[in-house]
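The primary structure of each chain is shown beneath.
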Amino acid sequence: MFERLLDLELELIDSTTAPSFGDDPYRIMDAPRSGEFLVLMRGSSEMVLLDSSFEDIARVNTPPSPAGWEEVDSGIIVVGGELSNELGFYRVGSGNISELGKLSLPGVVSIREVEFLPDDRTIFLTDPWRDMLVRIKLPADWSRRIRNGNISDLALEISEYQIGAEPIDLEYSNGYLAVNLLLDHKLLLLPTQHGIPDITGATAIAHAGPMWGFDIAPDGEGLRIAIGGVEDRPLDRTGGEFGWVDSFVFLYSFQQPGTEPGLIASKNVSELGMITPKVVRFRDRNVPTSTIFAAGFGSGVITELERTGETFEPVESRNVPPGTTDFTFGEGGLTGLTLANTLVDAIYSLSPSTHSADMTPSYRPSSTTRNPLNFLGEMLIFTELMAPNNVSDSVLSRFTCETCHFEGGIDGRTHYTGREQIFATTKPVQGLANNVPLFSRGGDETMASMTLAEFKAANQGDGTELFSLQTHDYPWLAHFVELPDSIGPEMLRRAFLSYLASYSRPYHPLRADSTPLTEGARAAIETFRQRCGFCHQPLFTTSNRFEGVEHEEWPTWLESEQNDLVWGAPHFSKTGIEPYVSPRGTRVTSLRRVTQKYPYFTNGSSQTLRDVLERFRYNGSDSWHHVPPADMTNAHRRLERDEINNLLDLLEFF
């Protein structure tokens with residue numbers, strides 16, 4: 001099997017065909033006109049208006065990769081995208097959508113979420129690229145100006161706040177702004193007054209691992225907080241399996257500044273078959289309640305949970321295809337919910353008769369076509385299909401790859417690898433094809449060997465990894481692509497490898513906006529070449545040290561939207577960051593999208609890139625990322641302050 005997988009790997013890497021990953025219906029809301037829905041398409045960068053029969057009646061282009069939106073005035077929607085610094089403003093009318101204009105925000109790189117405080121004329125947004133919360137104060141006549149399309153000349157008051165690693169979600173209630181810091185594993189609760197957040201007065205709910213979704217509601221003078229996330233304890237690989245990584249729903253109460261939020265109840269929802277709940281929602285955000293609606297992204301379970309003492313019990317559950325990222329409420333409990341699903345690129349509407357996992361979508365973009373092998377591979381990465389026989393029992397867990405690789409990226413953990421006393425920070429699964437070794441734990445040189453190893457590890461090392469999937473057990477699979485009745489072990493691995501081979505890193509937002517290199521970044525090119533270039537090479541692939549570009553060409557590549565380099569090397573190095581994963585040291589890591597990694601180094605000992613550069617020492621052609629103070633001599637030179645600042649500018653373009 002290995003040889004056949006290796007042949008497939010070589011064939012895919014040599015291919016120039018760009019795969020399609022679908023339109024990705026990511027967010028959904030009730031449109032201003034009753035019975036209609038607005039859908040945000042993350043993959044196709046569009047906003048679509050659906051009528052009450054789920055017919056596509058209008059659509060408009062949005063900023064690239066839209067993820068956040070908000071209704072800021074009657075029928076006026078503002079949209080932000082992860083690959084742009086622009087906010088788009090749109091008017092939604094009877095059967096139509098029109099663009100009013102776009103607002104470019106200097107200093108912002110990426111917009112993940114948007115929240116509007118109408119009483120304070122304030123828009124908040126998160127920029128996960130620069131770890132910022134951004135506050136935009138609108139002028140008194142903002143509504144008239146926006147409706148007239150006079151957006152570019154709005155007099156704005158913009159404030160930026162550095163708040164932590166990868167802020168991905170925002171909610172406002174009862175005088176508090178809540179921000180989910182995915183990689184810091186914290187939910188910040190910021191008191192606000194007149195639309196101004198008190199950063200120094202923040203209270204944090206901190207967990208051992210990431211929180212994927214949350215909701216807040218008023219509770220007296222404080223908040224009721226619902227969270228969906230990974231089990232609140234360190235990942236444990238002592239026995240070889242991925243231990244203590246079940247999915248949980250948590251309920252907290254927070255009463256006043258200066259007090260700690262109290263955990264009211266929690267539930268291991270992996271026991272209910274719900275994995276990676278990205279959507280947790282109170283029915284009414286204006287009423288304190290202990291009832292939570294939660295949907296598993298990695299499994300097809302959506303549940304109404306009611307608090308019973310310190311835990312939750314399901315009131316009602318439905319099976320739907322995995323991949324839910326948002327929903328709107330109807331008249332009843334689960335009945336009437338309308339779901340946005342990014343994995344199968346569809347909208348579902350729940351009714352009393354929809355109980356089956358093969359339910360027909362209410363809406364699916366006609367442009368959506370998927371390669372069967374890639375589609376199956378995506379399901380293996382993001383759903384329970386890769387380890388369908390896992391159980392949630394003590395250390396054993398039911399999970400998906402996304403439990404550690406949120407949206408194909410990382411989770412901010414530094415965890416025990418199961419090998420000697422070696423710990424490692426999480427590596428993205430995006431861009432693995434040209435970035436060996438594929439995981440530091442095993443050091444695989446090919447995707448073929450990594451694929452075999454990952455199936456074994458995901459299935460808790462119990463020898464059950466050579467399973468077959470029966471499509472009648474997962475009827476939604478064959479509902480969208482043509483698959484055999486029985487999917488054997490080799491086809492599963494071919495699908496896994498096929499998807500990862502094409503799963504590249506997303507475009508760099510700075511390049512998508514055609515942002516030129518700054519003066520400081522250009523000045524740092526020679527410093528980088530001399531001090532860092534031997535290890536972090538401008539290669540197309542780390543499988544071959546001779547396939548790269550000369551440093552004279554770096555500016556062209558770093559300003560190009562389409563081109564990308566790995567900035568790694570196919571060798572090991574002893575840089576002083578211990579413990580080493582091999583007697584030869586540690587394999588040189590890629591610096592591609594380095595500003596989005598966290599924490600830094602295999603042992604997670606640096607929280608910022610500035611700290612990485614301040615720790616750097618060199619002596620001639622020798623260099624180290626860490627030198628113990630007892631070993632430091634005058635021969636260990638450090639980077640100058642200007643060199644560090646310029647390198648930070650340059651690394652933003654990697």
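Cut-off values and rules
Residues numbered from 1 in each chain as written. Predicted model: local features only at pLDDT ≥ 70, side-chain atom pairs only at ≥ 80, totals over all residues. Heavy atoms only, no water. Pairing = 2+ DSSP bridges. Helix = DSSP H or I, 4+ residues; strand = E, 2+ residues; numbered from the N terminus. Axes fitted to C-alpha atoms, helices over the stretch in contact; angles between N-to-C directions. Salt bridge = Lys/Arg side-chain N within 4 Å of Asp/Glu carboxyl O. Buried < 20%, exposed > 50% of the residue type's maximum accessible area, 1.4 Å probe, protein only. Phe/Tyr/Trp six-rings, centres within 6.5 Å; stacked < 30°, edge-to-face > 60°. Lys NZ or Arg CZ within 6 Å of the ring centre and 35° of its normal.

K.L.:
Hey, could you run me through the sheet that holds strand 6 (residues 76-81) in this one?
P.N.:
Adjacent strands of a sheet form backbone hydrogen bonds with each other and so pair up, either parallel or antiparallel. The strand order 5-6-7-8 describes an open sheet built from four strands, whose pairing is antiparallel. The sheet terminates laterally at strand 5 (66-73) and strand 8 (96-104), the two strands that pair on one side only. Within the sheet, the average angular offset between the axes of one strand and its neighbour, ignoring direction, is 25°.

K.L.:
Please explain the pairing of strand 24 (residues 301-308) as it appears in this structure.
P.N.:
In the case of a regular strand, side chains alternate between the two sheet surfaces. As paired elements, strand 23 (residues 291-296) and strand 24 share five bridges and run antiparallel to each other. Looking across to strand 24, one finds that Phe-293 is bridged to Glu-304. In this structure, the hairpin formed by strand 23 and strand 24 is closed by a connection of four residues. The sheet contact formed by strand 24 and strand 25 (residues 311-319) spans eight bridges and is antiparallel.

K.L.:
It is not clear to me how the pattern of salt bridges should be interpreted in this structure. Could you clarify?
P.N.:
Oppositely charged side chains are able to pair whenever their charged atoms sit close together. Enumeration according to the criterion identifies 32 salt bridges in this entry. Here Arg-281 makes a salt bridge to Asp-326, at a shortest N to O gap of 2.9 Å. Of the two residues, Arg-281 is situated in strand 22 (residues 277-282) and Asp-326 in strand 26 (residues 324-328); the sequence distance between them amounts to 45 residues. On the basis of relative accessible area, Arg-281 is assigned to the buried category, the value being 13%. Among the residues examined, Asp-326 registers a relative accessible area of 5% and is labelled buried. Residue Asp-411 is joined to Arg-413 by a salt bridge in which the shortest nitrogen-to-oxygen separation is 3.8 Å. Taken individually, Asp-411 and Arg-413 each receive the classification buried, so the pair is uniform in this respect. Taken together, the shared-partner salt bridges in this structure form one network comprising Arg-27, Glu-113, Arg-281 and Asp-326.

K.L.:
What is the right way to read unusual backbone geometry from this model?
P.N.:
Residues apart from glycine generally show negative phi values, whereas peptide bonds are mostly found in trans. In this chain, Glu-578 is followed by Pro-579 through a cis amide linkage whose omega measures 0°. With respect to the helices and strands, Pro-579 occurs in the loop between strand 33 (572-573) and strand 34 (586-587). Of the consecutive residues Tyr-598 and Pro-599, the connecting peptide bond is found in the cis state with omega at -15°. With respect to the helices and strands, the residue Pro-599 is situated in the loop between strand 34 and helix 10 (609-615).

K.L.:
Looking at this model, I keep getting lost on the packing of aromatic side chains. Mind explaining?
P.N.:
Aromatic ring pairs: the centre-centre distance and the angle between the two ring planes describe each pair. All chains considered together, the criterion is met by 20 aromatic pairs. By the ring-pair criterion, three or more aromatic residues cluster together here, those being Phe-297, Phe-382, Tyr-499 and Tyr-503. Above the face of the Phe-242 ring, Arg-237 is positioned so that its terminal group lies 4.2 Å from the ring centre. The ring of Tyr-618 carries Arg-531 above its face, with NZ or CZ at 3.9 Å from the centroid.

K.L.:
Is there a simple way to explain the sheet that holds strand 20 (residues 247-254) in this structure?
P.N.:
Taken together, the four strands give an open sheet; going across it, the order is 18-19-20-21, and neighbouring strands pair in antiparallel fashion. Of all the strands in the sheet, just strand 18 (211-219) and strand 21 (262-268) have a single pairing partner and so form its edges. Ignoring which end each strand starts from, the neighbouring axes of this sheet average 15° apart.

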